[in-house]
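What the coordinates show
Spelled out, the chains give:
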Amino acid sequence: MEMHPLPEGIFLSHVDVPRPVPWREQFGNDNPLHLEIGFGLGEFLVQQAGLPVRENLIGIEQDWSRLCKCLSKVALIRGSSGKADFGRNMRLLRVDATVALERLFLPRSITRVTCLFPCPWPKKAHVKYRLFSRDFLCLLNSRLADHAKVNIVTDWRPYLDWMLEEIPGTGFRSGVETIGARFNTKFERKWRAEGQEQFWELSLIKHEHHHRPVTEDVELRACFVKDFDPGRFQFENIVGETSVIYKDFVFDQKQNLGLVRLVVAEKFLTQHVWVAVIKTKNQWCVAKADGHSALPTAGVALAIEQVAKAAQETTGPGS
Ligand SMILES: C[S@@+](CC[C@H](N)C(=O)[O-])C[C@H]1O[C@@H](n2cnc3c(N)ncnc32)[C@H](O)[C@@H]1O
């Protein structure tokens, strides 16, 4: 099989971009933004990119392997059809949709949203994981331009009914249509192969604005402790709405440098974070380690403070 290099400039790291993203600079134009949430293998995005429509396409997907498959599709089209700039109006982000909307988009900046076959989470105990909750719809509303349209297609009637219950008070007017297969995405093909021919398309039109400010980055400040004994380092996990869970601690005596690996779990966001404890002239500095990316959130700031507390306790009373 012929290999094609992955296209550059299409994948965007939500951690490394300026937030909110200056989309006009990113695309080099002011065309309307069309967002696809949970694009899977990217069939719909790729179809849209092939249309002669002046739209900037932004795909959000939380699964790495699916995102890579979408990038490979673009590479294949570029390599095999001679359209070297195919997908120039496309950007892909590997991030949870709530985190993306909260941090990467200004209010009233998106003109169209598509979501094909959102995960239905059919078990009662899992309803809390469904995406189009009232709260998410209010957030989505805040990022949409006035009168912008959202299309959500589902294969599962109870999911449609649940969404219809979530809509009141979110600033959307809704309409439902029964449709046949028309997107040729992996999940549409899957349901068709199982004999399903009818799906439901929910259209939402924004008619009233809900304000939700952009979630801003938190300044990650370094902490300082006077003394530190790495041999006595013990970290107390924090478990709650924000959890900070200890994974590893390594210490390099030559450099007087300790590294603590932690998992920081906040609502919709789980990050692996390294916190460094490094000797300076006459004290120890505790800060996020260089060389890895993490969104600067309140959870990461808490992780740094907790490491500083644990470092302090290695020589303090009771150690
Ligand atoms: C059932 S699949 C449908 C994929 C694709 N749209 C299709 O029709 O084949 C749902 C997709 O949404 C993604 N997804 C689910 N929740 C998400 C979230 N909160 N943010 C981003 N992507 C999400 C999943 O990783 C998965 O790829």
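Residues numbered from 1 in each chain as written. Predicted model: local features only at pLDDT ≥ 70, side-chain atom pairs only at ≥ 80, totals over all residues. Heavy atoms only, no water.

In this section: the environment of N256. Along the chain, N256 turns up in the loop between β10 (243-252) and β11 (257-266). Classification of N256 by relative accessible area gives partly exposed; the value is 29%. Sequence spacing of N256 and I278 is 22 residues, and the spatial spacing of their C-alpha atoms is 6.0 Å. The contacts of N256, once residues within four sequence positions are left out, are F251, V277, I278, K279 and W284. (Helix = DSSP H or I, 4+ residues; strand = E, 2+ residues; numbered from the N terminus. Buried < 20%, exposed > 50% of the residue type's maximum accessible area, 1.4 Å probe, protein only. Contact = heavy atoms within 4.5 Å.)

With the rule as written, the count across this model stands at 15 salt bridges. Taking the shortest distance from any N to any O, the salt bridge between E201 and R182 comes out at 3.4 Å. Of the two residues, E201 sits in strand β8 (residues 199-206) while R182 sits in the loop between β7 (172-179) and α7 (186-193), which places them 19 residues apart along the sequence. The salt bridge partner of R221 is E219, with a shortest N-O separation of 3.7 Å. The network of salt bridges with shared partners includes R19, R103 and D217. (Salt bridge = Lys/Arg side-chain N within 4 Å of Asp/Glu carboxyl O.)

Turning our eyes to something else, we now look at the environment of P18. Note on placement: P18 falls in the loop between β1 (11-12) and α1 (23-27). Judged by relative accessible area, P18 falls into the exposed class, the value being 53%. Residues P18 and A181 lie 163 residues apart in sequence; the distance between their C-alpha atoms is 38 Å.

Our focus in this paragraph is the nonpolar core. In terms of nonpolar packing, the biggest core is built from 43 residues, with W23, L35, F105 and F132 touching the most fellow members. When residues no more than four places from it in sequence are discounted, the contact partners of L35 are I58, I60, L101, F105, I110, R112, V113 and T114. Of all hydrophobic cores here, the second largest spans 21 residues; its members include F233, W284, A303 and A308. (Core = buried A, V, L, I, M, F, W, Y, C linked by side-chain atoms within 4.5 Å.)

So, about the domain arrangement of the protein. Taken as a whole, the protein is organised into domain 1 (11-206) and domain 2 (223-313). The gap between the C-alpha centroids of domain 1 and domain 2 is 36 Å. Contact residues are listed per partner, giving eight residues for domain 1 and seven residues for domain 2. Between domain 1 and domain 2, roughly 680 Å² of surface is buried when both sides are summed, and carbon and sulfur atoms account for 66% of that area. Three residues stand out in domain 1 for area buried against domain 2, namely V15, V99 and R103, and they jointly supply 51% of the buried area on that side. Remark: the boundary between domain 1 and domain 2 carries zero salt bridges. The tally of links between domain 1 and domain 2 comes to one residue pair in polar contact (both at pLDDT 80 or more). Class assignment of the residues belonging to the side of domain 1 that touches domain 2 gives a composition of two nonpolar, two polar and four charged. (Domains from an automatic or database assignment. Buried area = accessible area lost by both parts, 1.4 Å probe. Polar contact = N/O pair within 3.5 Å; in protein donor to acceptor, adjacent residues only side chain to side chain. Nonpolar A, V, L, I, M, F, W, Y, C, P; charged D, E, K, R; others polar.)

Here we come to the sheet that holds β1. Strand order in the open sheet formed by eight strands is β1-β4-β3-β2-β5-β6-β8-β7, with mixed pairing between adjacent strands. Of all strands in the sheet, those with a lone pairing partner are β1 and β7, marking the two edges. The pairing of strand β2 (residues 33-37) with strand β5 (residues 110-116) spans three bridges and is parallel. Looking at β5, one finds that E36 is bridged to T114. The strands touched by helix α5 (residues 134-143) are β2, β5, β6 (144-154), β7 and β8; relative to β6, the strand with the most contacts, the crossing angle is about 135°. (Pairing = 2+ DSSP bridges. Axes fitted to C-alpha atoms, helices over the stretch in contact; angles between N-to-C directions.)

In terms of burial, α5 is a largely internal element, eight of the 10 residues being buried. The complete set of buried residues in α5 reads F136, L137, C138, L139, L140, N141, S142 and R143.

Time to look at the pairing of strand β13 (residues 284-288). With respect to burial, β13 is a largely interior element, four of its five residues being buried. In terms of strand pairing, strand β9 (residues 223-225) meets β13 through three bridges, oriented antiparallel. Bridge pairing in β13 places C223 opposite V286. One ladder, built from five bridges, connects strand β12 (residues 269-279) with β13; its direction is antiparallel. Pairing of K279 across the sheet is with W284, part of β13. Counting the residues between successive antiparallel strands, the hairpin from β12 to β13 contains four residues.

Here the bond from R19 into P20 is cis, since omega is -10°, no more than 30 degrees from zero. Inspection of the secondary structure assignment puts P20 in the loop between β1 and α1. The residue N256 is not glycine, and still its phi comes out positive at about 55°.

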